[in-house]
Amino acid sequence: MLWVYGMPGIGKSAVAHSICHRLHENKQLGGSFFCRRDDLARSETKSVLPTLIYGLAGVFGPYRKQMVQALRDDPQMTPQLASGELFQRVL
């Protein structure tokens with residue numbers, strides 16, 4: 001996990017995009033989430049874990065199987081519940 005924090009305009013996103021691009025090319029990227037203050041969907045912290053869960057499920061078969069089983073066990077599971085419960089089960 002990479003969390004980049006700093007003053008606006010110093011190149012955090014450019015560096016993070018470059019790293020993610022390289023990891024994606026090498027099939028090593030599990031997922032990514034980029035925050036933006038001017039985009040409501042990308043400024044909500046509650047969107048981070050569901051986005052990463054989806055990304056990990058797409059590239060990591062054992063994790064995907066755990067996620068599918070958790071959803072089968074509880075079809076009412078919300079993304080917020082899934083975030084905590086699925087990470088607990090995989091760990």
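Residues numbered from 1 in each chain as written. Predicted model: local features only at pLDDT ≥ 70, side-chain atom pairs only at ≥ 80, totals over all residues. Heavy atoms only, no water.

Draft legend 1. Examining the overall build of the protein chain more closely. Helices and strands together make up the secondary structure of the protein chain, namely 4 helices and 0 strands. If you list the helices and strands of the protein chain from N to C, you get α-α-α-α. Among the 91 residues that make up the protein chain, the fraction classed as buried is 19%. In the protein chain, the share of contacts with a sequence separation of at least 24, taken over all contacts with a separation of at least 6, comes to 31%. When the accessible surface of the protein chain is summed, it comes to about 7300 Å², and 58% of that surface belongs to carbon and sulfur atoms. (Helix = DSSP H or I, 4+ residues; strand = E, 2+ residues; numbered from the N terminus. Buried < 20%, exposed > 50% of the residue type's maximum accessible area, 1.4 Å probe, protein only. Contact = heavy atoms within 4.5 Å. Areas by Shrake-Rupley, 256 points an atom, 1.4 Å probe, with all protein chains shown as cover.)

Draft legend 2. View of the environment of L49. Here L49 lies in helix 2 (residues 48–59). Overall, the relative accessible area of 35% leaves L49 in the partly exposed class. Separated by 17 residues in sequence, L49 and S32 place their C-alpha atoms 10.0 Å apart.

Draft legend 3. Summary view of helix 3 (residues 61–73). Taking 1.5 Å of rise per residue, the 13 residues of helix 3 would be expected to cover 18 Å, and the 18 Å separating its terminal C-alpha atoms lies within 8% of that figure. Every buried residue belonging to helix 3 is among Y63, M67 and A70, and all of these are buried. Looking down the long axis of helix 3, one finds its buried residues gathered within 60° of arc, a one-sided arrangement. In helix 3, those exposed residues whose orientation departs by more than 90 degrees from the buried face are P62, K65, R72 and D73. (Expected span 1.5 Å × (residues − 1). Arc of directions from axis to C-beta.)

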